[in-house]
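One-letter residues, chain by chain:
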Amino acid sequence: MTKIKQAYTPRKIVDSGLFFSIPLYQRLFEWGEDQIIQLLDDLYSSYKRDKESAYYIGMLTVKRTESSIELVDGQQRFTAMILLGIHFKWNDFLYASTEPNNILRLQFTAREEDKKYLEAKIKGIKCSFLNEKMENGLNYISKHLKKILQNDSDKDFEKYIFEKLTFFLSELPEKYSPMELNTYFERMNTSGKSLENYEILKVDIIRRLHSDKEKYTHLWNACSIMEKMILRKHNNEQLDNLRNRYKNAIIEIIQNGNIDNAFEKYQTKFDIEEEEDSDDNQDLEAISIAIGDIAINTENPYKIVKRRTDEHSLLTFSEFLLQVLYICLNMNISEYEKDGKAVEGMLVTDFFDVRKLCDTFKWAFDKRGLDAETFMRKLGLYRLITDYFIIRMNDEDEEPYPFKLYKGDDKEKMKVRMYLAMLYSASSAMTYYMWMPKLLIYLECFVSTKNSLDIDATEYLAKLKEIDNKWHPEQSIVDNNLIYTTIDRYWFWRIDYYLWEQRELFFKNELLNVVEKYVFRRNRSIEHIAPQHPKDEYGDKTRFYWDDESRPEVAWKRDCLGNMVMISSGQNSTLTNSCFEVKHAIMQRYASGNGTVESLKMLYVYSKYNSWSLDNIDEHQRSSMKVLKYSYERDSRRWNDCLLYTSDAADDLIGV
């Protein structure tokens, strides 16, 4: 049986003298800003609630070797602890003392450069090799700790993490059965939070099924790979044939409720696009009843990295599971219920919290009578619909929002693509992606009624806007004060979409080419066009000194929508506190291709105006509000009332 050891903390790791290694087959450190921030926020909440209680990050699966303890599962969390140790300078935790030399607490098999990088960061010296993910992780830690601590003691919180950040080690025997591995996953993290807990949920759901457990396990495994489409293109297969396979599979489920036939007939052993990838899914082709049946991939990691793709679904699998559950339970969150209020016996914030995934499903089974078979059929159906009708992200592709299957007029299809990208950028785990369940239900109804997947792009776009407008009604522009301290960032993305859709009204000449290539990003940093604390580059003391008591009438304009744009924190750092003329010069470089245009609202401002005044703020405020107002109207002729160009600023911006 699996041996569950005692709880460990960084302090107990030091006292025990243990050290760990990441085996060759493990993926690289992949945590991004969201995961780092979530961990620190959870730690801080636990710290503020009770400084004497442990904070659990779950179970780490390990295997003992002669030289170290291999991290079979949990290396992301353990590496995050190492990064925290580097930030706090826990040298006794970072090194395991062995005579005659000190060695790193965390070792890497066949990854010498990562080892050198960590040693350099610990010693505070330069390294010729940069592990970008770890470097970013350290930056996220430093930045977010400054934000959340504020007046709290850095040392007290550091001590809490060192002594209370708690995990368990689950030591695997040399040979273990699938049932024993299932038991391990069930026992794992019963007192804490799992960062990848859908595998635990899988065991519970499969056990609740009355029949066809093997086939449903196969379906779950396929659906969980959100990086790739569930039906994949054969070598030399025509795209229309792949579309037909999607159509037949979707209609099979809708008409007959037969999930088995849908995938047995049309999945065709997960054939995929590139011949060299044909071995990627052999572990999924074998139908398994237990997690233990999925073999560890011991392939050379460099080959794995070469084949990795940046394409991915808009949602993680855990987020997608909650969307499907929301639909299955016929739940509804109104505008007035979405801020954490209880809906049908469950807090909204709890329902969509992926960390509480297993608890939410237990509630659905016990309190709402969820049927496991019904859920699994809906999971397969909505995964197929999502693949076919909803964009996928691909930052490296010339086509940043891959829309490989859905057919439609190119211009109208592009509008659908951009609107979906806007909705995705404006969504998060905290805003619940609430447009998606309504869209999935609509698409299911369309396919069921028409017996076809060929929805008209204009109709599709109209439905997207209808769903979005119900979630963000026009009245909310009035009800929500659109100023710096209270504005919902959604409105910036909405303005950008309609500036793009009506681009021929707002932009001209070469700037149209820039706008055509615009990509929505999850930028969340608000930049003042006239800065809050301006630099005095020109020695002009009359320039927007908002605290000037002799000009109180201008103070309110500082934080209005007309004086704000939204960009990334990196670009904000570049532009911060500079006067309009300096920002205009930087924007000129971006528009010429030496940088990234991150806001069409910002591009519009710097193309329309050569200078910035209180009158310009008023004018752009009116223009921004018109864009929002007209965005709710079906009749596009009103857009002609918007202000067009009144200066040569656009020509200056592109260097004409």
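Residues numbered from 1 in each chain as written. Predicted model: local features only at pLDDT ≥ 70, side-chain atom pairs only at ≥ 80, totals over all residues. Heavy atoms only, no water.

**Q** Even after reading the chapter, I still don't get the overall build of the protein, so can you show me in this structure?
**A** Looking only at helices and strands, the protein features 30 helices and twelve strands. Burial analysis of the protein (656 residues in total) assigns 52% to the buried set. When the accessible surface of the protein is summed, it comes to about 30900 Å², and 46% of that surface belongs to carbon and sulfur atoms. (Helix = DSSP H or I, 4+ residues; strand = E, 2+ residues; numbered from the N terminus. Buried < 20%, exposed > 50% of the residue type's maximum accessible area, 1.4 Å probe, protein only. Areas by Shrake-Rupley, 256 points an atom, 1.4 Å probe, with all protein chains shown as cover.)

**Q** Help me understand the side chain of Thr-166, please; the structure alone is not making it clear to me.
**A** Counting through the fold element by element, Thr-166 comes out in strand S8 (residues 165-171). Residue contacts for Thr-166: discarding those within four places in its chain leaves Ala-7, Tyr-8, Thr-9, Ala-54, Tyr-55, Tyr-56, Ile-57 and Gly-58. (Contact = heavy atoms within 4.5 Å.)

**Q** Is there a simple way to think about the nonpolar core in this case?
**A** General note: in soluble globular proteins, nonpolar side chains tend to be found buried as a group. Judged by nonpolar contacts, the single largest core of 142 residues is most densely connected at Phe-361, Phe-375, Phe-389 and Tyr-460. Setting aside chain neighbours within four positions, we find Tyr-460 in contact with Phe-389, Ile-390, Phe-403, Tyr-406, Val-416, Leu-420, Leu-439, Leu-443 and Ile-455. Of all hydrophobic cores here, the second largest spans 50 residues; its members include Val-62, Tyr-95, Tyr-117 and Phe-162. (Core = buried A, V, L, I, M, F, W, Y, C linked by side-chain atoms within 4.5 Å.)

**Q** Explain unusual backbone geometry to me, please; I cannot follow it from the model alone.
**A** A negative phi angle characterises most non-glycine residues, just as the trans form characterises most peptide bonds. A positive phi angle, close to 55°, is found at Asn-330, a residue other than glycine. As for its placement among the helices and strands, Asn-330 is situated in the loop between helix H15 (317-328) and strand S9 (342-343). Among the residues examined, Asn-330 registers a relative accessible area of 65% and is labelled exposed. The phi torsion at Asn-451 lies on the positive side, around 55°, for a residue other than glycine.

**Q** Explain the packing of aromatic side chains here, please?
**A** Aromatic ring pairs are reported here in terms of the distance separating the ring centres and the angle at which the planes meet. Applying the stated criterion across every chain, the model contains 36 aromatic pairs. Plain terms: the ring middles of Phe-20 and Phe-78 are 4.5 Å apart, the flat faces sit at 50° to each other, and that makes the pair tilted. Of the two residues, Phe-20 sits in strand S2 (residues 20-22) while Phe-78 sits in helix H3 (residues 75-88), which places them 58 residues apart along the sequence. Centroid distance Tyr-419 to Tyr-498: 6.5 Å. Interplanar angle 80°. Geometry classified as edge-to-face. Here the residue Tyr-419 occupies a position in helix H19 (residues 410-426), and Tyr-498 occupies one in helix H23 (residues 490-501), the gap between them amounting to 79 residues. The pair formed by Tyr-419 and Tyr-498 is uniform in burial state, with each residue classed as buried. A cation over a ring is seen here: Arg-522 above Tyr-424, with NZ or CZ 4.0 Å from the ring centre. (Phe/Tyr/Trp six-rings, centres within 6.5 Å; stacked < 30°, edge-to-face > 60°. Lys NZ or Arg CZ within 6 Å of the ring centre and 35° of its normal.)

**Q** Would you mind going over the pattern of salt bridges with me for this structure?
**A** It is possible for side chains bearing opposite charge to pair when their charged atoms get close. The tally for this structure, following the rule as stated, stands at 25 salt bridges. Where Glu-501 meets Lys-465, a salt bridge forms, and the shortest distance between an N and an O atom there is 3.0 Å. Placement of the pair is Glu-501 in helix H23 and Lys-465 in helix H21 (residues 457-471), with a sequence separation of 36 residues. Accessibility classification places Glu-501 together with Lys-465 in one group, the buried group. The structure contains a network of salt bridges with shared partners spanning Asp-42, Asp-353 and Arg-355. (Salt bridge = Lys/Arg side-chain N within 4 Å of Asp/Glu carboxyl O.)

**Q** Where do I start with H3 in this structure?
**A** For an α-helix the count is 3.6 residues per turn, leaving residues at separations of three or four pointing the same way. Between its terminal C-alpha atoms H3 stretches 20 Å, which fits the 20 Å expected from 14 residues at 1.5 Å a residue. Just past H3, the residue Lys-89 takes up positive phi, approximately 60°. (Expected span 1.5 Å × (residues − 1).)

**Q** Looking at this structure, how should I read the confidence of the model for the protein?
**A** Averaged over all residues, the pLDDT of the protein equals 79, while 78% of them reach at least 70. Considering only residues more than four positions removed or in separate chains, one finds that residues 176-195, a stretch of pLDDT under 50, has 48 contacts. Note that pLDDT drops below 50 for residues 268-308; the model gives that stretch 75 contacts with residues more than four away or on any other chain. (pLDDT = per-residue confidence, 0-100.)

**Q** Before we go on, may I ask you to explain a negative patch on the surface in this structure?
**A** A surface patch of negative charge is lined by Asp-409, Asp-410, Asp-456 and Glu-459. Mapped onto the elements, Asp-409 comes out in the loop between helix H18 (372-389) and H19. (Patch = residues over 30% accessible without salt bridge, like charges linked within 9 Å, V, L, I, M, F, W, Y side chains within 5 Å. Lys, Arg positive; Asp, Glu negative; His and termini not counted. Charge placed at Lys NZ, Arg CZ, Asp CG, Glu CD.)

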